[in-house]
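Coordinate inspection notes
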Amino acid sequence: MPKFAHLSDEDLRSVISWLRSDDPQLQASEEPTIKPEPSLFTKFLCLVAFKPIPYPKAPIPEPDTTNPVAYGKYLVTGRYDCYACHSADFAKLNMEEPEKSLGYCGGGNTMLTMNANVIYTPNITPDEKTGIGNWTEDDFRKVMHESKNKSGKALRYPMLPYTALTDQEVAAIWQYIRSVPKLCNDVDRQWDKDL
Ligand code: HEC
């Protein structure tokens, strides 16, 4: 479960309002709820790496949507939590100051695909050699809206298609990730393996 430590109060209220609405997606279903049976390792991770975060001490305001870099930062660190997956290690995230996380946006974090195979998150800093420094805004838009990377490959889970992002959100995220410090980290994308 991602942690939304920087989600604005207004966004949080919107989520709650939707959860309380009569949206068809929220109708009761006949499907039985699967009882969670976390492994010992998962329980250990919950105690060590995924500890609860402190409750915010002050209200979290809405981002300035007229400043693309500031808005993009909010989207990457607050609303969509991109940085958590795309930095080096969940255990080394800095929840209070995300940009101080180890390997911020430089990828390498270990995740699991649907088939429980290991996949490493890519480097999304503007480094030309190992990140997305040579990408255009349109290449980036394809990732977000079509779930394809620059070379046309379909991106694998747990990267999800963000089809509902508005053009303004995509442009702001793009502007912001162009502004983060370049990190040279050559992540093995394992395109040759069936993950
Ligand atoms: C749950 C973890 C997770 C989250 C959250 C996530 N990503 Fe990803 N992302 C991945 C993984 C894993 C891949 C690699 C998929 C592959 O190799 O097929 C990826 C791929 C990408 C790529 C393609 C890079 C390349 O070189 O091919 C971009 C760009 C990207 N993500 C940006 C984002 C942005 C922006 C967000 C937030 C809106 C985000 N991601 C949220 C895990 C995540």
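Residues numbered from 1 in each chain as written. Predicted model: local features only at pLDDT ≥ 70, side-chain atom pairs only at ≥ 80, totals over all residues. Heavy atoms only, no water.

1. A short note on unusual backbone geometry
The residue after Tyr157, namely Pro158, is reached through a cis peptide bond having omega 10°. Relative to the assigned elements, Pro158 resides in the loop between helix H5 (137–146) and helix H6 (167–179). If you check the backbone angles, Ala116 has positive phi at about 65° while not being a glycine. Taking relative accessible area as the criterion, Ala116 reaches 53% and is therefore assigned exposed. With a phi angle near 60°, Ser147 is a residue other than glycine that sits in the positive phi range. Relative to the assigned elements, Ser147 resides in the loop between H5 and H6. (Helix = DSSP H or I, 4+ residues; strand = E, 2+ residues; numbered from the N terminus. Buried < 20%, exposed > 50% of the residue type's maximum accessible area, 1.4 Å probe, protein only.)

2. Here's the deal with the side chain of Ser87
Take Ser87: it is sitting in the loop between helix H4 (82–86) and strand S1 (110–112). Residue Ser87 is classed as buried on the basis of its relative accessible area of 0%.

3. What about the packing of helix H3 (residues 68–79) against H6?
Any two packed helices are characterised by the angle at which their axes cross and by the distance between the axes. Relative to each other, H3 and H6 sit at 95°, their axes nearing to 7 Å. The pairing of H3 with H6 is recorded here as roughly perpendicular in orientation. Here Pro68, Val69, Tyr71, Gly72, Lys73, Leu75, Val76 and Arg79 of H3 lie close against H6, whose contacting residues are Gln168, Glu169, Ala172, Ile173, Gln175, Tyr176, Ile177 and Ser179. By residue class, the composition of the contact of H3 with H6 is nine nonpolar, four polar and three charged. (Axes fitted to C-alpha atoms, helices over the stretch in contact; angles between N-to-C directions. Parallel < 35°, antiparallel > 145°, perpendicular 65-115°, else oblique. Contact = heavy atoms within 4.5 Å. Nonpolar A, V, L, I, M, F, W, Y, C, P; charged D, E, K, R; others polar.)

4. A closer look at the coordination of the iron atom of the ligand
The protein atoms that coordinate the iron atom of the ligand are His86 (NE2) and Met159 (SD), at distances of 2.1 to 2.3 Å. Taken together, the six donor atoms coordinating the iron atom of the ligand and their angles of 87 to 179° define a geometry best described as octahedral. Taken together, the positions of His86 in helix H4 and Met159 in the loop between H5 and H6 put the pair 73 residues apart, joining distant regions of the chain. According to the relative accessible area criterion, Met159 is partly exposed, its value standing at 21%. (Donors = N, O, S within 2.8 Å, 3.2 Å for Na, K, Ca; no water. Tetrahedral: all angles 85-135°; square planar, octahedral: opposite > 155°, others 65-115°.)

5. Here's the deal with the layout of surface pockets
As a volume, the second largest pocket reaches approximately 610 Å³. Lining the second largest pocket are 17 residues, with Ala5, Pro54, Tyr55, Pro56 and Ile60 positioned closest to its centre. Class assignment for the residues of the lining of the second largest pocket results in 12 nonpolar, one polar and four charged. (1 Å grid on protein atoms, 1.4 Å probe; cavity = no way out; pocket = protein on both sides within 12 Å on 5 of 7 lines; lining within 4 Å. Points joined across faces, edges and corners; volume = space filled by probe spheres on them.)

6. Looking at the environment of Pro161
Of note, Pro161 is situated in the loop between H5 and H6. Classification of Pro161 by relative accessible area gives partly exposed; the value is 47%. Sequence separation between Pro161 and Lys142 is 19 residues, and the spatial gap between their C-alpha atoms is 9.4 Å. Excluding anything up to four places from it in sequence, Pro161 contacts Met144 and Ser147.

7. Describing the site of the ligand
Looking at the ligand, there are 22 residues lining it, with Cys82, Cys85, His86, Arg156 and Met159 nearest. Between His86 and the ligand, the recorded distance is 2.9 Å, taken from a side-chain N or O atom to a nitrogen atom. Here Arg156 contributes a backbone N or O atom positioned 2.7 Å from an oxygen atom of the ligand. Where the shell around the ligand is concerned, the elements lending two or more residues are H4 and H5. Of the residues in the shell around the ligand, the class split is 17 nonpolar, three polar and two charged. (Near = heavy atom within 4 Å. Polar contact = N/O pair within 3.5 Å; in protein donor to acceptor, adjacent residues only side chain to side chain.)

Nothing here speaks to function; it is geometry throughout.
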